[in-house]
Amino acid sequence: MNRKPVFQFKDNLASRNRSGLTWRLVFQASTIVGILALTALLFNILNQTFGYTAYEARVDPDSLALNGVSLEEQTKAQLIQVLQTRISSGAFNKLEKDKPFAERSRQEVYDLIYDRVVKYKAVAIWPLWDSLMRPAEIKQTVAQDFPTAKLGFVSWISADFLRRQQSSDPVLAGVRTALLGSLWTIAITILAAFPLGVGAAIYLEEYASDNWLNRLIRTNINNLAGVPSIIYGILGLAIFVRTLEKVTSGALFGFVDPTTANGRTILSAGLTLALLVLPLIIINAQEAIRAVPVSLRRASYGLGATKWQTVWAHVLPNALPGILTGAILAISRAIGETAPLVVIGASTYITFDPNSPFSKFTTLPIQIYQWTSRPQDEFRFLAAAAILVLLALLLSLNAVAVLLRNRFSRRW
Amino acid sequence: MAQPVSSNGKYVLEVKNLSVFYGDFEAVTNVNLNIERNKITAIIGPSGCGKSTLLRALNRMNELVPGTGVSGEVLFNGQNLYASHVDPVEVRYRIGMVFQKPNPFPKSIYENIAWGARIHGYKGNMDELVEFSLRQAALWEEVKDKLDQSGLALSGGQQQRLCIARALAVQPQVILMDEPASSLDPLATLKIEELMHELKKNYTIVIVTHNMQQAARASDYTAMMMLNGGETRSGTMIEFNQTSIIFTRPKDKRTEGYVTGRFG
Amino acid sequence: MATLNNGYRASKPDLRRRPRLSETIIQSLLFLAGFLSIFTTIGIVYELGKEALLFFQTPEVNLLAFLTSTQWQPHINKFGILPLVNATLMTTAMAMLIAIPLGLGVAIYLSEYASTRVRNLLKPILEVLAGIPTIVYGYFALTFMTPLLRSIFGRDVVEIYNTASAGLVMGILILPLITSMTEDALNAVPHSLRAAAYGLGATKLEVAVKIVLPAAISGIAAAVIVGLSRAIGETMIVAVAAGAGPNFTLNPFKGAETMTGHIVRISGGDLSYDSIDYNSIFAIGLLLFFITLTLNILSQQIVRRFREVYE
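On to the layout of surface pockets. Residues and elements named next belong to chain A. As a volume, the second largest pocket reaches approximately 1,200 Å³. Listed by contribution, the elements that provide at least two residues to the lining of the second largest pocket are strand 1 (50-57), helix 3 (89-98), helix 4 (106-118), strand 2 (120-125), strand 3 (150-155) and helix 7 (159-163). It is helix 4 that contributes the most residues to the lining of the second largest pocket, eight residues altogether. Taken together, domain 1 (52-154) and domain 2 (177-408) each give at least three residues to the lining of the second largest pocket, which thus spans both.

A few words on the confidence of the model for chain C. Low pLDDT marks regions whose predicted coordinates should not be analysed in detail. Confidence in the prediction for chain C averages 88 pLDDT; 94% of positions are at 70 or higher. Reported confidence for the predicted complex is 0.89 by ipTM and 0.85 by pTM.

Quick look at the pattern of salt bridges now. Between side chains of opposite charge, a pair can form as their charged atoms come close. Residues and elements named next belong to chain B. Applying the stated criterion across every chain, the model contains 29 salt bridges over all chains. A salt bridge links Arg217 to Glu193, with the shortest nitrogen-to-oxygen separation between them at 2.6 Å. In this pair, Arg217 is assigned in helix 8 (residues 212-218) and Glu193 in helix 7 (residues 186-199), connecting sequence segments 24 residues apart.

Size of an interface, as often reported, equals the accessible area lost when the parts are brought together. With 22 residues of chain B in contact, the opposing surface of chain C contributes 18 residues. Buried surface at the junction of chain B and chain C, both sides included, amounts to about 1,600 Å², of which 73% is carbon and sulfur. Three residues, Phe105(B), Trp115(B) and Ile119(B), lead the burial of chain B against chain C; their summed loss comes to 30% of the area buried on that side. Counting across the chain B and chain C interface gives zero salt bridges. For the interface between chain B and chain C, the tally reads four residue pairs in polar contact (both at pLDDT 80 or more). For the side of chain B that touches chain C, the secondary structure elements donating two or more residues are helix 2 (88-94), strand 6 (95-98), helix 3 (109-119) and helix 6 (156-169) of chain B.

Annotation of chain A at the domain level lists domain 1 (52-154) and domain 2 (177-408). When each unit is reduced to the centre of its C-alpha atoms, the spacing between domain 1 of chain A and domain 2 of chain A is 41 Å.

Definitions and limits used
Residues numbered from 1 in each chain as written. Chains lettered and ligands numbered in written order. Predicted model: local features only at pLDDT ≥ 70, side-chain atom pairs only at ≥ 80, totals over all residues. Heavy atoms only, no water. 1 Å grid on protein atoms, 1.4 Å probe; cavity = no way out; pocket = protein on both sides within 12 Å on 5 of 7 lines; lining within 4 Å. Points joined across faces, edges and corners; volume = space filled by probe spheres on them. Helix = DSSP H or I, 4+ residues; strand = E, 2+ residues; numbered from the N terminus. Domains from an automatic or database assignment. pLDDT = per-residue confidence, 0-100. Salt bridge = Lys/Arg side-chain N within 4 Å of Asp/Glu carboxyl O. Contact = heavy atoms within 4.5 Å. Buried area = accessible area lost by both parts, 1.4 Å probe. Polar contact = N/O pair within 3.5 Å; in protein donor to acceptor, adjacent residues only side chain to side chain.

Structure below.
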């Protein structure tokens, strides 16, 4: 073996470096495509949230001035007076019967005038991009095609949009009902899923021995996390809406509301979403609990503490930031869910605020779904604005999660 | 590096004023060292004095850690490895490396050997090359019947010899060994040392070790590294000589203390 | 408990095991919380199975026709699930066609090429993409992708509702999932393997594609399977953009209803219990459940084997 045989190698570095560069560009390009997709998604939403709108009023609001006082500056009494002269007495009496004018705020009366008298109607809408790129053309089109219409640069997302209730008239529609519905539903979800999820995680991490049952539970939780959300909707429909109708409709508690005499309520929706996010909460909480060092538990046991004393006083407080972060992420998932709620029967059109777990419900994603499904352009813009509200809600939740993680993150 | 095999010249590697940085931190300061052809050169010294860093700088492996930089030169057959036109891929092809922990690829024994040769465009008889490399690494007899088994199925010592065979298969001139026996038992260690002795007929070997006996037994030259006493805690080479001299009559007091302290 | 001065040292401490009622109660409650997940699974299988059974017991339905007929027309008593399955497969295939190559590309770039700074910038973007509700993607499909496809291929070719648009956007939806799981798998490959390959004079591409990628292949397979399962179960994108009405077609520019899309449309109205429509969504749901469950179990098996290699 003293003489080394000669093995011939081909000098191929140039071509290897060429293919290295090519593929590097391919990998970079994939990344750029991904970023472009996100950009297109966000641009598409913003593009349909702002822009020029040409709208016509049945009654010009300027003509509603009372003794020279414009609509904006009128007092409540003056506004009521305007309303009374503009709508039939029957309609006025019905409004009085629904809710006495004495109890309505000035703003509510003001809205009523726009709703019942002015009746704005969007006749043409342009997205943001067009509005910025060719405003002159748009103005010309409006002057030609809609001579009576007013052209204004409109932000579809606004304080009014948040404040107003669902309406069949896109100019007046808002997300208030849907937003409140989302909050109510999520509150139920949190109340049900958080304690159960954390409890299950504690059991699995601290108590469960390694036997077939506990292994089954673990595997099962992992599998449940991968079940499509629509299946949970079907389950919720069968169990909460139908089988437990007496409970979820509130009938069992003597809560009789003729409009909600079925199980398609906020309670059913919240519980369905709770089942959906439970596996996520458990898995995240397990990780947080596992991150608490064993030495801490040993220290506690060494002092003669019982298992629960150890868990309650040492493990949980140290795992809490991680548990909360994971729970918030799971809840974010629940807030954005649409399919299971459609299946259990979200209401398509409600105009009153939900006021109990037994109310009929609609939520932000449901509202977005419905507006998106409508053929008219105006509703696309409403949907885009509602998406922005939803994304803002999710973003703030995520910000809280990040803050929690940073504030309490501890290095062991 | 068009003409890599030039067997003229006594020294394969000449390290001139080499300093290695991690960001702002100077890990190795101002090393001058000549590596003689077909000899074994050991680099010894206490933990954290930059032995491995220096070794990795000899085939530009240190560049894989982001933020590393060097100043000075490393001449390989007279060419500066750090010249701007030099491709680190080509450098590592000529100057191979064996790592502290055996790290076979999760592929078959055969593939472990063949892979490197294949990427470098070897078109000859692969079976022959694999057998030759494994024979050189004194592993052939143990694995010849199970070449298609995973490299991970071998014992630690066998894995390390597989890694040596893998390095040999691309026909480097120099093999850098970073504490190749530190994770092995004494018997496997002995095997590696015998192997090194055999290999130096065809290759130049530079080995980092913290094991004094190993350096004394196996190497021809020894470089002693130490942290310089300054604020910066940077490693530097304090003495370089024939191994027999380093271990019997070192010139530097610190070398003497280290060698005898550990040795006796 | 004895007081400190007389009981603590003087008498022998009582070391007998005492029943701790509160501990037992707490442990039982915690166990129930853990066991609830089993109930959920049983609930899914039982409820879906029960109603599906009712569906198959109705005289108009037979299992063979359910599985082989290419027509789903409840009003003329045709209940063949193939049009729905076909549409699901088409959107899923389209999604995977986008998500697998892009996801692998992005993951390799992030794990092997990108600097720490770029990585720290890009990973949150991925998380944002992953956190966007699917209805938003549905909106994107209908109001961006469909017009885009129609302007490229012509309005006569591409219908307003079509599976291509839904499938492509679903690919974007699944991209972050496949990317992050693949990146995790690539990162789990020990650094020493990369060092070994570099030490032999391998280029970055050779290290990434010939050493790291094969070593991570089972993790990547798991990522692809999870992505597949997610695409099959994805609902809102197809409900908004793929079209209503079961339609057996292989043309991606035509509208067709997927299994999930069908469930949403049928249950969207005020569905009366004990109707054949009500029962049919359970039968479809059961099929969907078993498909995704099989895929999830498969991916977990693969991940488990992957762990055994390196840990």
